[in-house]
Amino acid sequence: ELTESNKLLCPIRLSQHELWRNLTDEVTDFTQRLKQSYRKISRSKDFVIMEGLGNLDVDKVSTLTCYTVADALEARVIIVLRYSPTLDISKIVQISKKFEHLLGLIINFVPMSRIETVTQKLTAVFEKAGIKVLGILPEVRGLLGVSVGALAEILGGEFLTSPEGTDDIVEN
């Protein structure tokens with residue numbers, strides 16, 4: 001259980017514009033504040049898990065933030081990818097090489113029908129590029145949202161037809 005306050009756990013709250021300015025113009029001050037906060041948080045802890053920002057290949061602010069934070073804290077990095085049949089492996093390899101302490105990657109949200117193929121083919125491709133695949137996680141639709149039955153219960157609703165659909169996921 002964490003005893004630290006939210007202010008200590010998330011000490012730097014910046015808008016995207018402020019974050020960009022801190023990463024480009026005031027990077028020394030930003031990394032010093034980051035290191036100071038990390039030292040306080042990590043005291044008496046076996047490990048600290050930090051979530052990075054997504055869209056490393058699209059958003060320059062997210063990309064620079066991830067690299068700057070990982071570098072400043074000498075953090076060991078695990079990249080979690082959402083599986084797609086059109087996954088740009090060369091781009092992922094390029095991004096991965098920028099992390100000095102990369103432990104490997106996890107491929108998430110793989111349809112059950114693709115697990116074997118992904119395990120055999122993508123693992124080989126990434127490992128040939130020097131990137132360890134730490135795990136492949138299957139798509140579990142139930143984790144994507146709330147079921148019709150759970151929503152009905154929360155709202156105090158009742159089923160007038162098709163009670164067999166209570167386990168279906170609300171998609172829209």
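Residues numbered from 1 in each chain as written. Predicted model: local features only at pLDDT ≥ 70, side-chain atom pairs only at ≥ 80, totals over all residues. Heavy atoms only, no water.

Engineer: How would you summarise the overall build of the protein if you had to cite specific residues and measurements?
Structural biologist: When its secondary structure is counted, the protein shows 7 helices and 3 strands. In the protein, the order of α-helices and β-strands from amino to carboxyl end is α-α-α-α-β-α-β-α-β-α. At 21 Å, the protein has a C-alpha radius of gyration far larger than the 16 Å of a compact globule built from 172 residues. Each principal axis of the C-alpha atoms in the protein carries an extent, and together these give about 60 × 45 × 35 Å. The burial tally for the protein puts 28% of its 172 residues in the buried class. If you sum the accessible surface of the protein, you get close to 12200 Å²; carbon and sulfur atoms cover 52% of it. The centroid of the 20 positive side-chain charges in the protein is displaced by 10 Å from the centroid of its 23 negative side-chain charges. (Helix = DSSP H or I, 4+ residues; strand = E, 2+ residues; numbered from the N terminus. Rg over C-alpha atoms; globule rule 2.2 N^0.38 Å. Buried < 20%, exposed > 50% of the residue type's maximum accessible area, 1.4 Å probe, protein only. Areas by Shrake-Rupley, 256 points an atom, 1.4 Å probe, with all protein chains shown as cover. Lys, Arg positive; Asp, Glu negative; His and termini not counted. Charge placed at Lys NZ, Arg CZ, Asp CG, Glu CD.)

Engineer: Tell me about unusual backbone geometry, and name the residues and values.
Structural biologist: A positive phi angle, near 65°, is found at Ser-44, a position not held by glycine. Note on placement: Ser-44 falls in the loop between helix H3 (27-42) and helix H4 (60-72). Judged by its relative accessible area of 77%, Ser-44 falls in the exposed class.

Engineer: Can you lay out the pattern of salt bridges for me, pointing to particular residues and giving the numbers?
Structural biologist: Side chains bearing opposite charge may pair, as long as their charged atoms lie close to each other. The full count for this structure, using the stated rule, is 3 salt bridges. For Glu-26, the salt bridge goes to Arg-21, with nearest N and O atoms at 3.3 Å. We classify Glu-26 as partly exposed; its relative accessible area is 31%. What makes Arg-21 partly exposed here is its relative accessible area of 31%. With its nearest N and O atoms 3.7 Å apart, the salt bridge here joins Asp-29 to Arg-33. Taken as a pair, Asp-29 and Arg-33 lie in helix H3 at a separation of 4 residues, close to a single helical turn. (Salt bridge = Lys/Arg side-chain N within 4 Å of Asp/Glu carboxyl O.)

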